[in-house]
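Fold and geometry: a report
Each chain, written out:
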Protein chains: 2
Amino acid sequence: MDERKWLFDLLNVEEQQLSEKQLNILQAAIEMFAEKGYAATSTSEIAKRAGVAEGTIFRHYKTKKDLLLAIVKPTLFQSVAPFLAKKFVKDVFENEYEHYEQFVRAVFKNRYEFVKTYLPAIRVLWQEMAFHSDIKVQFQTIFINHVYDKFKQIVEHFQQKGELALFPPETIIRLTITTIAGFLLTRFIVMPDYPWDDEQEMERTIQFLMNGLKKT
Amino acid sequence: MDERKWLFDLLNVEEQQLSEKQLNILQAAIEMFAEKGYAATSTSEIAKRAGVAEGTIFRHYKTKKDLLLAIVKPTLFQSVAPFLAKKFVKDVFENEYEHYEQFVRAVFKNRYEFVKTYLPAIRVLWQEMAFHSDIKVQFQTIFINHVYDKFKQIVEHFQQKGELALFPPETIIRLTITTIAGFLLTRFIVMPDYPWDDEQEMERTIQFLMNGLKKT
DNA sequence: AATTAAAGTGAGTAATCACTCATTTTGACG
DNA sequence: CGTCAAAATGAGTGATTACTCACTTTAATT
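No experiment lies behind these values; they were computed from the predicted model shown.

1. Let's talk about the relation of the copies chain B and chain A
Once chain B has been moved 0.0 Å along the axis and rotated by 180°, it coincides with chain A to within an RMSD of 0.0 Å. The transformation relating the two chain copies, once decomposed into turn and shift, fits a two-fold axis. The position closest to the rotation axis in chain B is occupied by the C-alpha of B:Gly212, lying 2.0 Å away. Interface overlap between copies is the fraction of interface residues in one copy that are interface residues in the other; for chain B against chain A it reaches 100%, indicating a shared surface.

Shown next, in the form of structure tokens:
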């Protein structure tokens, strides 16, 4: 079997639902959009790389933009997946995570594996968000509706326990996300060839984050 | 006089060196590349917005890519400008900055003003770096030759004074940069419409950074 | 006023673009 | 094997692309 389980997982579909050719198209599109950008990639190039006729692409996706959205939408959902689970906040309040640090460690590790697995699709999402306002709006909507409120509850919970600095919750959320995202960006996009010791560097990043957010 | 001093400053040229039409072309290109991306912007659109004939663009720039580089190269240099000054490290060692915090404050404020002034050009640089490996290589070269070494000296200086955690200097550099860049990215790109109190939020960011990097 | 070089113009060009559609291939069924 | 619908094909379409070049306009100097 071809090693494409990740594609099914990303798109959240069963193996029977997608034909071999359709898989080839999606994989080729993800790779080329990630490398050259959506606008600079032609449908004929995608067809060539996927080993199908150009017309086949348009059998499955009405337009080139539809093909982009078929990649970007699932990736967007997976990007915030941990926060979509209902039991997520519940876990925090029922002492699944006794300290903010444990919560952060869980999220960090989880998102690290996520980026490692789906890097090209994630690149497509974030690169194209800069140019397509509809994608940006979708992200903002999902973030406000599913991430922000839950994250805020969690932060306030640990602030009341006296663990976290009394910054506005939005500030703590921002600093937490940019610290984690800053590592992942440096690790996988800016300097992927640097000889990283991932575990150590993540440990230092968490120490930095927790010291920075500690109540003083 | 048209308010275009920023363009001369960015390109680092005198006012006489560029004709009115050439300025129009550069400004239109910066705005459209920032909004729609280089590949999705046609030279005919740029000419229209600049109020010139399409041929005029190619009188000044041999190719469309040349036009992009005429924007990106100066922006890249300005992005790391503070580290290009020879006296920069000297200032640190001669107690111009007694503590790492003062150094960070100076850089932070300086880069905040920089991003605020040249935002569209900066967007072009970072967006297109993802797609043009020649731009990425140029950035890496400049960073290694002009930023990394000096930054490392500064970090080691304050580590020896016992101010900073004994993380590897590269880690401290990374955490410093991603914390500052994380604020600027959130402030100017991700959520530019949020009612920011810039001074307070930058103060909190510095507190976070210094506590995170403090020797424990 | 005449000269001249530089700046600007815009119609023209070959190549490529996203997309269509009449036709062929495929594979599951009787 | 024969039937048939779905999947796949690729030549063809009009629109758009980056770029060229013969020509005109501008403006400074004689």
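2. Regarding the protein's contact with DNA strand D
Residues in close proximity to DNA strand D total 17 residues, the closest being A:Ala53, A:Thr56, A:His60, B:Thr43 and B:Lys64. At 3.0 Å from a phosphate oxygen of DNA strand D is found a side-chain nitrogen or oxygen belonging to A:Lys21. A distance of 3.4 Å separates a base nitrogen of DNA strand D from a polar atom in the side chain of B:Glu54. Where the surface near DNA strand D is concerned, the elements lending two or more residues are helix H4 (54–60) of chain A together with helix H3 (43–50) and helix H4 (54–60) of chain B. Looking at which element gives the most residues to the surface near DNA strand D, the answer is H4(A), with four residues.

3. Considering the environment of B:Ile206
Residue and element names in this part refer to chain B. In this fold, Ile206 is placed in helix H11 (residues 198–213). For Ile206, a relative accessible area of 5% corresponds to the buried category. The spatial distance from the C-alpha of Ile206 to the C-alpha of Leu84 is 24 Å, given a sequence separation of 122 residues. Excluding anything up to four places from it in sequence, Ile206 contacts Glu101, Arg105 and Phe108.

4. Considering the packing of helix H2 (residues 20–36) of chain A against helix H5 (residues 64–79) of chain A
Residue and element names in this part refer to chain A. Running from N to C, H2 and H5 point in directions that differ by 90°, and their axes come no closer than 10 Å. In terms of orientation, H2 lies roughly perpendicular with respect to H5. Residues Ile25, Leu26, Ala29, Ile30 and Phe33 of H2 form the contact with H5, whose participating residues are Lys64, Leu67, Leu68 and Ile71. Taken together, the residues that form the contact of H2 with H5 break down as eight nonpolar, no polar and one charged.

5. A look at the UniProt feature "DNA-binding region" (unreviewed entry) in chain A
Per the UniProt entry, the sites bearing "DNA-binding region" (unreviewed entry) are residues 42–61 of chain A in this numbering. Structurally, residues 42–61 of chain A is divided into 75% helix and 0% strand, and its ends, taken at the C-alpha atoms, are 14 Å apart.

6. Overview of the protein's contact with DNA strand C
In the vicinity of DNA strand C, 17 residues are found, and the nearest of them are A:Thr43, A:Lys64, B:Ala53, B:Thr56 and B:His60. Of everything in DNA strand C that lies within 4 Å of the protein, sugar and phosphate atoms constitute 59%. Within the backbone of A:Thr41, a nitrogen or oxygen atom sits 3.4 Å from a phosphate oxygen of DNA strand C. A distance of 2.5 Å separates a phosphate oxygen of DNA strand C from a polar side-chain atom of B:Thr56. Of all the secondary structure elements, the ones that give two or more residues to the surface near DNA strand C are helix H3 (43–50) and H4 of chain A together with H4 of chain B. A per-class count over the surface near DNA strand C returns three nonpolar, nine polar and five charged.

7. A look at the domain arrangement of chain A
All names here are of chain A. Here chain A is described as being made up of domain 1 (5–64) and domain 2 (80–213). If you average the C-alpha positions of domain 1 and of domain 2, the two centres end up 29 Å apart. The interface of domain 1 with domain 2 comprises nine residues on the first partner and nine residues on the second. A combined buried area of about 760 Å² lies between domain 1 and domain 2, and 73% of that area is made up of carbon and sulfur atoms. For the interface between domain 1 and domain 2, the tally reads zero salt bridges. In this structure, the connection of domain 1 to domain 2 is made through two residue pairs in polar contact (both at pLDDT 80 or more). A total of four residues in the side of domain 1 that touches domain 2 trace back to one element, the largest contributor, which is H2. Looking at side-chain class alone, the side of domain 1 that touches domain 2 contains six nonpolar, one polar and two charged residues.

Calculation criteria
Residues numbered from 1 in each chain as written. Chains lettered and ligands numbered in written order. Predicted model: local features only at pLDDT ≥ 70, side-chain atom pairs only at ≥ 80, totals over all residues. Heavy atoms only, no water. Least-squares fit on C-alpha atoms with pLDDT ≥ 70 in both. Contact = heavy atoms within 4.5 Å. Near = heavy atom within 4 Å. Polar contact = N/O pair within 3.5 Å; in protein donor to acceptor, adjacent residues only side chain to side chain. Helix = DSSP H or I, 4+ residues; strand = E, 2+ residues; numbered from the N terminus. Buried < 20%, exposed > 50% of the residue type's maximum accessible area, 1.4 Å probe, protein only. Axes fitted to C-alpha atoms, helices over the stretch in contact; angles between N-to-C directions. Parallel < 35°, antiparallel > 145°, perpendicular 65-115°, else oblique. Nonpolar A, V, L, I, M, F, W, Y, C, P; charged D, E, K, R; others polar. UniProt positions renumbered as here; feature names shortened; annotations may be inferred. Domains from an automatic or database assignment. Buried area = accessible area lost by both parts, 1.4 Å probe. Salt bridge = Lys/Arg side-chain N within 4 Å of Asp/Glu carboxyl O.

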